[in-house]
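Coordinate analysis (summary)
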Amino acid sequence: MNHSQTVHIAVISDEGYAYPTTVMLASAKHNKKKESKYCIHCISNGMTSFSKNQIKALAEDDFEVLMYEIEDKEKYNSIDIVLGGTWSISTIIKTDIPEILNSLEKVLFLDGDILVTKDLTDLWNIDIQDYLLAAAPGLAQERAKIYNTETYFNAGVLLMNLKQWREDRIPEKVWEQFRDDPSQYPLCEQDVFNKVCRGRVRYLPYIWNCYAVACRLERTLEYVNEIYQTQFGSWEEMETQAAVFHYVWYKPWRDRCLPHASLWQKYHDLSPYGNTALIYPPPPAPSRSYHLKVKLFGFIPLLSVKDRERLCSIRIVGIELFRVRKNNRKRVLSFLYIPVATWRV
């Protein structure tokens with residue numbers, strides 16, 4: 001079959017994320033149109049031979065799989081941070097995609113905690129000649145004020161203009177931020193990309209990065225409509241049109257009770273792991289949560305305090321200014337997501 005063009009897709013995974021990344025690629029392959037051709041550029045950060053072979057098992061004439069291994073990790077270990085949470089070597093490697101894939105001028109990057117439910121050719125064909133990248137708005141729009149951006153985007157789906165990244169030395173500029181003070185960027189490369197690429201981002205419609213589970217559990221439909229500039233009347237209406245489901249915050253391979261966990265199960269069964277039973281960890285013990293709301297005239301939000309087992313968030317006039325993360329006996333207070341104090345109880 002003749003293919004008029006190839007959609008180049010980049011993924012990055014360590015051994016811990018190899019399994020969901022394989023399921024994600026299986027979903028992309030299953031929903032690809034027959035006339036489309038994908039080339040998968042899989043950048044491995046220590047994946048085992050078994051995990052690499054599981055991804056290679058997806059390869060066909062119209063679904064090429066190329067493997068790359070990060071051999072020298074000293075560059076990434078040199079950053080003065082404690083890896084964990086949103087920070088990991090795999091997330092930092094995203095900065096170096098223009099160097100690793102040096103023969104490409106454009107690539108579509110996809111996180112591993114995604115499902116692709118429609119063909120990606122229309123996304124690939126979006127013109128980004130005058131932009132550094134194209135990305136969809138994220139849920140943490142309060143961070144746009146921190147980096148003085150029009151809209152704060154999520155870095156899980158990025159259509160990247162690699163040619164422009166090289167010409168403008170964007171990787172070097174991102175690394176300067178990493179080395180300067182990484183504590184300023186609690187959401188790792190996503191924060192830095194928003195800062196460095198400011199004013200040169202083409203914003204994508206929600207269908208290319210739909211946070212279906214997080215939206216249902218953490219946001220209201222009114223909030224989502226405001227972010228996406230849409231007028232959905234229900235979650236079902238929003239999700240029916242989505243082409244990419246992004247499981248931010250909540251992972252369906254860990255909790256079978258999540259919304260759309262059955263959708264993830266479907267593509268698990270279609271993946272090379274399909275003959276392996278999906279074993280979920282035991283459910284956590286029930287936890288209590290408290291939510292205090294203070295409104296002016298009964299509808300203008302003044303104060304919101306939501307206290308959960310692992311996190312306490314404080315919103316003032318609708319903006320989350322403070323949050324306290326709870327990890328065993330350790331507490332970390334953040335102002336606008338920037339850690340300002342730590343103590344033990």
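Going by the structure above, here's the rest.
For the structure given in this document, a descriptive report is provided here. (Residues numbered from 1 in each chain as written. Predicted model: local features only at pLDDT ≥ 70, side-chain atom pairs only at ≥ 80, totals over all residues. Heavy atoms only, no water.)

Right, let's get into the overall build of the protein. Along the protein, the regular secondary structure elements total 14 helices and 15 strands. With 345 residues in all, the protein has 49% of them scored as buried. Within the protein, counting contacts between residues at least 6 apart in sequence, those at least 24 apart form 66% of the total. In the structure as shown, the protein presents an accessible area of about 17,200 Å², 51% of it carried by carbon and sulfur atoms. (Helix = DSSP H or I, 4+ residues; strand = E, 2+ residues; numbered from the N terminus. Buried < 20%, exposed > 50% of the residue type's maximum accessible area, 1.4 Å probe, protein only. Contact = heavy atoms within 4.5 Å. Areas by Shrake-Rupley, 256 points an atom, 1.4 Å probe, with all protein chains shown as cover.)

For the rest of this paragraph, the subject is the packing of helix H9 (residues 170-180) against helix H10 (residues 189-196). Remark: H9 packs on H10, axes separated minimally by 10 Å, with the N-to-C direction vectors making an angle of 125°. Taken together, the axes of H9 and H10 lie oblique to each other. Once H9 is placed against H10, the crossing between them reads as right-handed. Contacts from Ile-170, Lys-173, Val-174, Gln-177 and Phe-178 of H9 reach H10 at Glu-189, Val-192, Phe-193, Lys-195 and Val-196. (Axes fitted to C-alpha atoms, helices over the stretch in contact; angles between N-to-C directions. Parallel < 35°, antiparallel > 145°, perpendicular 65-115°, else oblique. Left-handed = near helix turned anticlockwise from the far one by under 90°.)

Moving on: helix H1 (residues 15-30). Within an α-helix, residues lying three or four positions from one another point in the same direction, as the helix has 3.6 residues per turn. For H1, which comprises 16 residues, the first-to-last C-alpha distance of 23 Å matches the rise-based estimate of 22 Å (1.5 Å per residue) to within 8%. Burial in H1 covers these residues: Ala-18, Pro-20, Thr-21, Thr-22, Val-23, Met-24, Leu-25, Ala-26, Ser-27 and Ala-28. Capping of H1 at its N-terminal end is provided by Asp-14; its side-chain oxygen lies 3.2 Å from the backbone amide nitrogen of Gly-16. (Expected span 1.5 Å × (residues − 1). Polar contact = N/O pair within 3.5 Å; in protein donor to acceptor, adjacent residues only side chain to side chain.)

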